[in-house]
Amino acid sequence: MLFYISSYQGSGGGTFYDVRCTQESATGVFNHTNVLDLPMLYIITPTYDRPTQIPDLVRLSNTLRNVRNLHWIVVEDGLNLSNHVKSLLQDSKILYTYLSASSPSSYVKRRLKGIAQRNKALSWIRKNHQKGLDAVSYFADDDNSYTLELFSEIRKTKKISVFPVGFTGGDMTFQAPMIENGKVVGFYAWAHDIRVFAVDMAGFALNVRVLFDYQKMMFSYTTPAGMNEEYFLKQCCTVDELEPLANNCTKILVWHIRTQSPKLAKNISNIDWNVSSLIKRLKINTKIYKRNRINENILMR
Ligand code: UGA
Ligand code: MN
């Protein structure tokens, strides 16, 4: 096993020391002597306050901390940053930038999730990326499941790459580009007949050069639900240009997960996952403690 130690300045302020033993080195894809020659990965994650936010982000951070030369851009939906998310990011030792952007208040627009947040991250990259350095960006929702191999694959992206996505709910169990002679010729996906780019948000990556070549390229609230990716990609490329990854799009390296919101916790926000705080919260919410028949003597101590 190879170990790699690096240090760099994080947006969080301090210098991070990283000791990692990764899949990439173990499989020989990665050569530890030239880590900084690898294209940087900007991983863009919209996130919002809900009971699964921290557990989801813990899972994602434990994946991302295994990947080298990665910059995690997390964008909170709202006006303010969350202290819980901030400390999770600091503890993760991942190089990160934590921003916020509010979704519009109108219900119709809110049905399009992550739009304002992804656009905020794109503007940040356009403003802060050191031009000339090779980098790839990828939209990683906070609740999906990602293999480490995915990150090695997306680093190869020259313009726009595509790859299959597994689904854990709905009619189809996957979505994948259809390949003929190494070229994308269509898609196995819902509405593949009306969508030019029938890809999931988790099913493509782009070289950051595209963001500079197409300065105005962004996501929009005017697109119908489910057409975000289509709208975004139409601004910069044609199907013919798509680069198939994941062994000619035969491997599933990422799953789109739908976590069901726990009914009990629907109105709970800004949870502090500390048992004393949780007990305090429980004491305030008498309904919950009655429903669970929690012994009053224990609770009131
Ligand atoms: C699907 C797609 O995979 C998303 O990329 C797409 O943004 C979304 O549909 C959509 O409807 O536009 P889905 O699993 O249904 O994803 O959506 P969520 O996982 O609930 O949200 C996508 C991302 O946006 C997540 O990272 C989530 O944390 C974030 N989000 C969601 C917000 O920032 N604010 C919200 O109010 C809801
Ligand atoms: Mn999701």
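Residues numbered from 1 in each chain as written. Chains lettered and ligands numbered in written order. Predicted model: local features only at pLDDT ≥ 70, side-chain atom pairs only at ≥ 80, totals over all residues. Heavy atoms only, no water.

Novice: Lay out the nonpolar core in plain terms, naming residues and giving numbers.
Specialist: Counting residues in hydrophobic clusters, the biggest one holds 39 residues, and the most contacted among them are F139, F204, F232 and L242. At 6 residues, helix α5 (residues 115–128) tops the list of elements feeding residues into this core. Leave out the neighbours within four places in its chain, and L242 touches I160, V162, V184, F187, F197 and C237. I54, L60, V85 and I94 belong to the second largest nonpolar core, which has 32 residues in total. (Core = buried A, V, L, I, M, F, W, Y, C linked by side-chain atoms within 4.5 Å. Buried < 20%, exposed > 50% of the residue type's maximum accessible area, 1.4 Å probe, protein only. Helix = DSSP H or I, 4+ residues; strand = E, 2+ residues; numbered from the N terminus. Contact = heavy atoms within 4.5 Å.)

Novice: For the site of ligand 1, give the residues involved together with the corresponding values.
Specialist: Contacts to ligand 1 come from 19 residues, most closely from P46, D77, K113, R118 and H256. Separating an oxygen atom of ligand 1 from a backbone N or O atom of R111 is a distance of 3.5 Å. Interatomic distance of 3.1 Å between a side-chain N/O atom of N228 and an oxygen atom of ligand 1. Coverage of ligand 1 by the protein amounts to 90% of the 680 Å² it exposes when considered alone. For the shell around ligand 1, the secondary-structure elements that each account for two or more residues are β3 (40–47) and α5. For the shell around ligand 1, the residue count by class is 4 nonpolar, 5 polar and 10 charged. (Near = heavy atom within 4 Å. Polar contact = N/O pair within 3.5 Å; in protein donor to acceptor, adjacent residues only side chain to side chain. Areas by Shrake-Rupley, 256 points an atom, 1.4 Å probe, with all protein chains shown as cover. Nonpolar A, V, L, I, M, F, W, Y, C, P; charged D, E, K, R; others polar.)

Novice: Which residues make up the packing of aromatic side chains, and what values go with them?
Specialist: Both the distance between ring centres and the angle between the ring planes are used here to describe each pair of aromatic rings. Overall, the coordinates contain 10 aromatic pairs when judged by the stated rule. Where Y138 meets Y146, the ring centres are 6.1 Å apart and the plane angle is 85 degrees; that geometry is what we call edge-to-face. Each member of the pair Y138 and Y146 is classed as buried. A centroid spacing of 6.1 Å and a plane angle of 45 degrees characterise the contact between F174 and Y188, whose relative ring orientation is tilted. One end of the pair, F174, is in strand β10 (residues 174–180); the other, Y188, is in strand β11 (residues 183–188), and 14 residues separate them in sequence. Classification of F174 by relative accessible area gives partly exposed; the value is 30%. You can call Y188 partly exposed: its relative accessible area is 42%. (Phe/Tyr/Trp six-rings, centres within 6.5 Å; stacked < 30°, edge-to-face > 60°.)

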